[in-house]
Amino acid sequence: MRRCREVFVGIDTAKARNAAAIAEAGRQGEVRYLGEFDNTPDAVAKLVRKLSDRYETLQFCYEAGPTGYGLYRQILAMGHGCTVVAPSLIPRRPGERVKTNRRDALSLARLLRAAELTAVWVPDETHEAVRDLVRTRRNGCRGLPSQAPTHQRVPAWHGRVYEGGTTWKGRHLRWLDGQNFAHAAQRFAFQEMLNAMRAAVERIDRLDAALVEIVPAWTMAPVVAAFQAMRGVGFLTATAVVAEAGDLRRFEHPRQLMAFLGLVPSERSTGDTRRQGGITKTGNSSARKALVEAAWTYRHSAGVGTTHQRRQQQLPQQVREIAWKAQSRLCARYRRLTAKGKRNTVAITAIAREIAAFLWAIAREVEPASITPQRT
């Protein structure tokens, strides 16, 4: 059997079955649809062995999506190259209106051969586990804003206002438990809402405890600690940014990181006309939201409090200098932007964009650990 040198394999993944196509190397190389096969490790291994008998070099690709990175890791373990493609950056013809598994697989094979595909960064298994934990916590927090105002308004409707400090902790919860209402239905409705809120808060506390336990054994733990030198970037924010964005050193310039986070202005220019709009909001929304929340702390004057000093104690001097430079610059920048009449939200978005640049600078000063995380 003739043994060709190189082939490019495009796989259109799905929950149950995958479609595969190949494009042989060269402009005149054959492009052929192979058909569908089960989305199981055994079926994938069978396909790879069949192709490796005929071709010397195999290059695989498939779109990033709900199927995850198991296929990528299996192909790499078998000694072949694999690219996980960013779906939003795949070139598409404007007039194309027919989409099938066969066409998608053939298109991926051709584009991979032409080097027209953009790869996404693939985390390792531990990084992916931490990211899943971070996302689970984020999803749990989504229910809190809709429940918390209800519990705050119900007592207020009856002339009862909590004047303490921290809410949803011991004293506040005891105060809520002690509320009595004239009608039994009111008490029952309030207790049901209180139980739901208490369950949501306890769930988030469990997830926070899990993050506190797993992050120190993570290879990115030094980066998480270094990011906390920045004002407004606590443990949870730093963990979320690292889990979602990965190793920031892979970006050659901070502008690439800003674009990845969707914090750069959109633009539509032609000829002598240049029009800029709001931020693109492309890329990773979770990391972007975390940085925007951190940016609100720069409304106040620059300074290093006791808690901030404690977070910086074990960090390199270079990291602390970058953090102070960021704080002194961004606090002043916020005042200048608002003095020019910019809305607070616009100024905060600009601050978040620059925070990303300073985090990129810190990431280049800190090496991830080389320890092997413990499996539980």
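Within every chain, residues take consecutive numbers counted from 1 along the sequence as written. Whole-chain, interface and lining totals are the exception, using all residues; otherwise, since this is a predicted model, local features are given only for residues with pLDDT of at least 70 and side-chain atom pairs are given and counted only at 80 or more. Based on all heavy atoms of the structure, the side-chain values leave hydrogens and waters out of the count.

## Quick look at the packing of aromatic side chains
The relation between two aromatic rings is expressed through the spacing of the ring centres and the mutual angle of the planes.
Next, step 1: The criterion for an aromatic pair is that two Phe, Tyr or Trp rings (for Trp, the six-membered ring) have centres within 6.5 Å, with stacked assigned to planes under 30 degrees apart, edge-to-face to planes over 60 apart and tilted to the rest. Tallied over the full model, the rule gives 2 aromatic pairs.
Next, step 2: Centre to centre, the rings of F181 and F190 are 5.3 Å apart; their planes meet at 55 degrees, and the pair counts as tilted.
Next, step 3: Whether a charge sits over a ring comes down to the Lys NZ or Arg CZ being within 6 Å of the ring centre and within 35 degrees of the ring normal. One cation-aromatic arrangement involves R250 over F260; the distance from NZ or CZ to the ring centre is 5.4 Å.

## Examining the pairing of strand β2 (residues 17–24)
Next, step 1: Only protein chains enter the area calculation, which uses a 1.4 Å probe; residues under 20% of their type maximum are buried, those over 50% are exposed, and those in between are partly exposed. Comment: elements are numbered from the N terminus, with helices defined as DSSP H or I runs of at least four residues and strands as E runs of at least two. With respect to burial, β2 is a largely interior element, 7 of its 8 residues being buried.
Next, step 2: Pairing between strands is defined by DSSP: at least two bridges between the two strands are required. Relative to strand β3 (residues 31–38), β2 runs antiparallel, the two sharing 7 bridges. Considered in β3, the bridge of A19 is made with E36.

## A look at the packing of helix α11 (residues 285–295) against helix α14 (residues 344–363)
Next, step 1: One way to put it is that α11 packs onto α14 with a least axis distance of 8 Å and a crossing angle of 110 degrees. With respect to α14, the axis of α11 lies roughly perpendicular. From α11, L291, V292, A294 and A295 reach across to α14, where they touch I348, I351, A352, I355, A356 and L359.
Next, step 2: Looking at the contact of α11 with α14 residue by residue, the classes come out as 10 nonpolar, no polar and no charged. Here the axes come from fitting lines to C-alpha atoms, over the contacting stretch only for helices, and the angles between their N-to-C directions go from 0 to 180 degrees. Note that the term roughly parallel is reserved for angles under 35 degrees, roughly antiparallel for angles over 145, roughly perpendicular for angles of 65 to 115, and oblique for everything else. Residue contacts are defined here by distance: any two heavy atoms, one from each residue, within 4.5 Å place the two residues in contact. Classification used: nonpolar for Ala, Val, Leu, Ile, Met, Phe, Trp, Tyr, Cys and Pro, charged for Asp, Glu, Lys and Arg, polar for all others including Gly.

## Comments concerning the packing of helix α4 (residues 125–141) against helix α7 (residues 184–214)
Next, step 1: The contact between α4 and α7 brings their axes to 10 Å, and the two run at 160 degrees. The angle between α4 and α7 falls in the class roughly antiparallel. Our pair here, α4 against α7, has a crossing hand that is left-handed. In this structure, α4 uses V130, L133, V134, T136, R137, G140 and C141 to contact α7, whose residues at the interface are R203, I204, L207, D208, A210, L211 and I214.
Next, step 2: Residue composition of the contact of α4 with α7, grouped by class: 9 nonpolar, 2 polar and 3 charged. Whether a crossing is left-handed or right-handed is set by the direction in which the near helix is turned from the far one by less than a right angle, anticlockwise for left-handed and clockwise for right-handed.

## Examining the layout of surface pockets
Next, step 1: Taken as a whole, the largest pocket spans an internal volume of roughly 750 Å³.
Next, step 2: Using a 1 Å grid laid over the protein atoms alone, points where a 1.4 Å probe fits but cannot get out form a cavity; open sets with protein on both sides within 12 Å along at least 5 of 7 lines form a pocket; any residue with an atom within 4 Å of a point counts as lining. Considering the residues around the largest pocket, the lining is formed by 23 residues, among which A86, V120, F260, G283 and N284 are closest to the centre.
Next, step 3: Elements with a minimum of two residues in the lining of the largest pocket: α4, α10 (254–260) and α11.
Next, step 4: Among the elements that line the lining of the largest pocket, the one with the most residues is α4, at 3 residues.
Next, step 5: Split by residue class, the lining of the largest pocket holds 11 nonpolar, 7 polar and 5 charged. Grid points are joined across faces, edges and corners, and a volume is the space filled by probe spheres set on the points.

## Observations regarding helix α6 (residues 170–177)
Next, step 1: For α6, the set of buried residues is H172, L173 and L176. For α6, the arc enclosing every buried residue in end-on projection is 100 degrees, short of the 170-degree limit, so these residues lie on one face. Opposite its buried face, α6 presents the exposed residues R171 and R174, each directed more than 90 degrees away. Think of the arc as the fan of directions from the helix axis to the C-beta atoms.

## Quick notes on the environment of Y62
Next, step 1: Along the chain, Y62 falls in strand β4 (residues 55–63).
Next, step 2: Measuring from C-alpha to C-alpha, the distance between Y62 and A105 comes to 8.4 Å, with 43 residues separating the pair along the chain.
Next, step 3: The contacts of Y62, once residues within four sequence positions are left out, are I11, T13, T67, G68, Y69, L71, Y72, C82, T83, V84, V85 and L108.

## Quick word on the nonpolar core
Most often, soluble globular proteins have nonpolar side chains that are buried together.
Next, step 1: Core analysis: the biggest nonpolar cluster contains 54 residues, and W218, F227, M230, L248, L291, I355 and L359 have the highest contact counts within it.
Next, step 2: Going through the elements one at a time, α4, α7, α8 (221–227), α9 (235–245), α11, α13 (317–339) and α14 are the ones with two or more residues in this core.
Next, step 3: Here this core gets 12 residues from one element, more than from any other, and that element is α14. Grouping buried Ala, Val, Leu, Ile, Met, Phe, Trp, Tyr and Cys residues that are joined through side-chain atoms within 4.5 Å yields what is termed a nonpolar core.

## Points about the confidence of the model for the chain
Next, step 1: Values of pLDDT, ranging from 0 to 100, describe the predictor's confidence in every residue of the model. The predicted model of the chain averages 88 in pLDDT, with 93% of residues at 70 or higher.
Next, step 2: When the criterion is pLDDT under 50, residues 372–376 qualifies, and its contacts beyond four places in sequence or with other chains add up to 4 contacts.

## Examining unusual backbone geometry
Next, step 1: Located in the positive-phi region is A115, a residue other than glycine, with phi close to 60 degrees.
Next, step 2: As for its position among the elements, A115 is in the loop between α3 (101–113) and α4.
Next, step 3: Using a relative accessible area of 64% as the deciding quantity, one classes A115 as exposed.
Next, step 4: Look at K281: it is not a glycine, yet its phi comes out positive at around 60 degrees.
Next, step 5: In this fold, K281 is placed in the loop between β7 (273–279) and α11.
Next, step 6: Judged by its relative accessible area of 58%, K281 is exposed.

## A short note on the side chain of D104
Next, step 1: Looking at the secondary structure, you find D104 in helix α3.
Next, step 2: Here a polar contact means two N or O atoms within 3.5 Å. Within protein one must be a hydrogen donor candidate and the other an acceptor candidate, and residues neighboring in sequence count only if both atoms are side-chain atoms. Side-chain polar atoms of D104 contact the side chain of K99, separated by 2.6 Å.

## Observations concerning the pattern of salt bridges
Next, step 1: Basic side-chain nitrogens of Lys or Arg form a salt bridge, by our definition, when they fall within 4 Å of a carboxyl oxygen of Asp or Glu. Evaluation of the coordinates by the stated rule reveals 13 salt bridges.
Next, step 2: As a salt-bridge pair, R32 and E30 come within 3.1 Å of each other at their nearest N and O atoms.
Next, step 3: For R249, the salt bridge identified is with E367, shortest N-O distance 2.9 Å. Taken together, the residues span a long stretch of sequence, with R249 in the loop between α9 and α10 and E367 in the segment after α14 at a distance of 118 residues.

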